[in-house]
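# Understanding the architecture of this molecule
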Amino acid sequence: MIRPLFRLPLVFQMLLGLVLGLGVGLLWPDFGASLRPIGTAFVEAVKMIVIPVVFAAVTLGLYRMGSELKVLGRVAAISLGYFYLATVISILIGLLLNAAFHPGAGAPLAATGKVPQNLAVSVDWIKFFMDMIPSNIVAAMAEQKILPTLVFAILFGLALASSGKVGEPMVAVLEAVMAAMFKITKWITSLAPIAIFAVMAWLFATQGLATVVALAKLVGVMYLGLAIMVAIFWLMLLAIGEKPLAVTKAVMEPMILAFSTRSSEVTLPLHMEKLRAMGASERIVSVVLPLGYAFSRDGAIMYFALAVTFLAEAYGVTLTWSTLFTIVMVTTIASKGSANVPSGGLVAIAMVLSAIGLPIEALAVIAGVDAFLDMGRTAINVFGNTVAVKLVEKFAGDMAADETQPTAAGLQVQDA
């Protein structure tokens, strides 16, 4: 019976692991709780290759566009424009859903979880920008810091592009690194169903459903908002001539991985590979996707707006037009500024709560269901970045057409 299961496409194996893990966590919580090390080992194994993939991919992407500054400028402008437009749309969806359903009205104010100690309520912008310039790139990479790695990779890629033939051996090395990293990705992701089973069993064994029932309205409205976002993404894909269901199916594996592990970072190598397998431009994927993972978190941003308005109504704060405008502006800034700090999502929400006069301790009311909300919003982050790549590919036009890559055929992940 076991052998036929491994013949199923990987996406179905992942879904089966998710369902079985949920059942084990609820029915045998002691056993489910003991499975945490398996999920942790998988997440750490994927994180092991994220920095090499980001560095090699961004460097090669910039190298291939380095001699065409118009292409690079156009790709960067479209990417950043989309990221900020998607941010505002995500915030508005959260606000509109709160206005329609008022999930915070009469919500229980009992703490369902703990707020991290010494949680920041602001971003030190000088430190934020200084951290983007690594004094020691090896140390930055060792600490898994994405933004300084991105900055160094951009500079390194442009420098290679301007160095002529002398830089070609290094390019060959980076291409070999990419091929090796994607081979390792294939090996690691073949174990994803087992890891997803362990993660889900641990999550439901330790979190339970009591707090979900208590805050069921917030959870329901949140997932309704995510469904609306998917519908908007589908309309955008239709508008540029893509087939929404085909695109969704193609990136289902990284979305399920994001849903179960609650980490966008963990999905990056697999996500890049799936986009390449779809025929997406090598140069665009290498540049846009790492930027998107650092700055574009559509599902999370919608949740920020919904969570803040939920807590405001639960505490009896009147949501005037000026308050709503403050939420939009501070959430937009906070969502970008918190991208490179620990507990970035909670920091962003804390900043908005502080701006409208709510106590930071209010986060404890929704902390118990945050894990369940995090699953959905992380999966939507992955899908939103897929749409970003497709949009940039469409509007960058033939200027960003890919060069033939000799290793492309060997970089595709095949279902186990």
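Computed from a prediction, not measured in an experiment: that's the story for all the values here. (Residues numbered from 1 in each chain as written. Predicted model: local features only at pLDDT ≥ 70, side-chain atom pairs only at ≥ 80, totals over all residues. Heavy atoms only, no water.)

Of regular secondary structure, the protein chain possesses 21 helices and 0 strands. Pairs at least 24 residues apart make up 86% of the contacts formed inside the protein chain by residues separated by at least 6 positions. Split by element, the accessible area of the protein chain, about 18000 Å² in all, is 69% carbon and sulfur. (Helix = DSSP H or I, 4+ residues; strand = E, 2+ residues; numbered from the N terminus. Contact = heavy atoms within 4.5 Å. Areas by Shrake-Rupley, 256 points an atom, 1.4 Å probe, with all protein chains shown as cover.)

Given 3.6 residues per helical turn, the α-helix brings residues three or four places apart onto the same face. The end-to-end C-alpha distance of helix α15 (residues 264-277), which contains 14 residues, comes to 19 Å, matching closely the 20 Å that a straight helix rising 1.5 Å per residue would cover. When you tally the buried positions in α15, you get 12 out of 14 residues, the bulk of the element. Listing the buried residues of α15 in full gives S264, V266, T267, L268, P269, L270, H271, M272, E273, K274, L275 and R276. In this structure, the buried residues of α15 make contact with α4 (36-65), α9 (168-189), α13 (244-250), α14 (252-261), α16 (282-295) and α21 (370-396). (Expected span 1.5 Å × (residues − 1). Buried < 20%, exposed > 50% of the residue type's maximum accessible area, 1.4 Å probe, protein only.)

What follows is about a nonpolar patch on the surface. On the surface, L22, L26, L27, W28 and F31 cluster together into a nonpolar patch covering about 510 Å² of accessible area. Top contributing element to the nonpolar patch by residue count: helix α2 (residues 10-27), with 3 residues. Along the chain, L26 turns up in helix α2. (Patch = residues over 30% accessible without salt bridge, like charges linked within 9 Å, V, L, I, M, F, W, Y side chains within 5 Å. Salt bridge = Lys/Arg side-chain N within 4 Å of Asp/Glu carboxyl O.)

This brings us to the side chain of R276. Looking at the secondary structure, you find R276 in helix α15. The class of R276 is buried, set by a relative accessible area of 10%. Engagement of the side chain of R276 in a polar contact is seen with the side chain of S286, the distance being 3.2 Å. (Polar contact = N/O pair within 3.5 Å; in protein donor to acceptor, adjacent residues only side chain to side chain.)

Our focus in this paragraph is the packing of aromatic side chains. Here the structure, examined in full by the defined rule, presents 6 aromatic pairs. Judged by centre distance (5.7 Å) and plane angle (35°), the ring pair of F55 and F156 falls under tilted. Residue F55 is found in helix α4, and its partner F156 is found in helix α8 (residues 146-162); the two are separated by 101 residues along the sequence. According to the relative accessible area criterion, F156 is partly exposed, its value standing at 24%. Pairwise contacts between aromatic rings join F55, F152 and F156 into one cluster. (Phe/Tyr/Trp six-rings, centres within 6.5 Å; stacked < 30°, edge-to-face > 60°.)

The subject of this paragraph is the confidence of the model for the protein chain. Of all residues in the protein chain, 84% attain a pLDDT of 70 or more, and the chain-wide mean is 81. Counting contacts from residues 402-416, a segment whose pLDDT is below 50, to residues more than four positions away or on other chains yields 30 contacts. (pLDDT = per-residue confidence, 0-100.)

Take empty space enclosed by the protein next. Under the criterion given, the structure shown has 3 cavities of 30 Å³ or more. When its volume is computed, the largest cavity comes out at roughly 90 Å³. Taken together, Y82, L85, A86, I89, S90, I93, M229, I232, F233, M236 and D298 make up the lining of the largest cavity. Contributions of two or more residues to the lining of the largest cavity are made by α5 (69-101) and α12 (216-239). At 6 residues, the largest contribution of residues to the lining of the largest cavity is made by α5. Classifying every residue of the lining of the largest cavity gives 9 nonpolar, 1 polar and 1 charged. (1 Å grid on protein atoms, 1.4 Å probe; cavity = no way out; pocket = protein on both sides within 12 Å on 5 of 7 lines; lining within 4 Å. Points joined across faces, edges and corners; volume = space filled by probe spheres on them. Nonpolar A, V, L, I, M, F, W, Y, C, P; charged D, E, K, R; others polar.)

Closest axis-to-axis distance for the helix α17 (residues 298-314)/α21 pair is 6 Å, and the angle between their directions is 135°. In terms of orientation, α17 lies oblique with respect to α21. Residues D298, G299, A300 and Y303 of α17 form the contact with α21, whose own contacting residues are D370, L373, R377, I380, N381 and G384. Here the contact of α17 with α21 is composed, by residue class, of 4 nonpolar, 3 polar and 3 charged. (Axes fitted to C-alpha atoms, helices over the stretch in contact; angles between N-to-C directions. Parallel < 35°, antiparallel > 145°, perpendicular 65-115°, else oblique.)

Right, let's get into the pattern of salt bridges. Overall, the coordinates contain 7 salt bridges when judged by the stated rule. Among the salt bridges present, the one from E282 reaches R64, with a minimum N-O distance of 3.5 Å. Of this pair, E282 sits in helix α16 while R64 sits in helix α4, and the two are 218 residues apart along the sequence. With respect to burial, E282 and R64 carry one shared label: buried. The salt bridge partner of K145 is E143, with a shortest N-O separation of 3.1 Å. Here K145 falls in the partly exposed class, since its relative accessible area comes to 32%. Each member of the salt-bridge network shares a partner with another, and the members are R64, E175, R276 and E282.

This paragraph deals with α4. Over its 30 residues, α4 extends 43 Å from the first C-alpha to the last, a length consistent with the 44 Å expected when each residue adds 1.5 Å. Residue V50 marks the point of greatest curvature in α4, where the axis turns by about 25°; the proline P52 follows within four residues. (Bend = angle between axes of the 7 residues up to and from the residue.)

Bringing the environment of I38 into the picture now. Counting through the fold element by element, I38 comes out in helix α4. On the accessibility criterion, I38 (40% relative accessible area) is partly exposed. For the pair I38 and W202, spaced 164 residues apart in sequence, the C-alpha separation works out to 9.8 Å. For I38, the residues in contact, after removing those within four places along its chain, are I194 and A198.

Negative phi characterises most residues that are not glycine, and trans characterises most peptide bonds. The residue H102 is not glycine, and still its phi comes out positive at about 45°. Tracing the sequence through the fold places H102 in the loop between α5 and α6 (125-131). Notably, Q144 is not glycine yet its phi reads approximately 60°, a positive angle. Within the secondary structure layout, Q144 lies in the loop between α7 (137-142) and α8. For Q144, a relative accessible area of 28% gives the class partly exposed.

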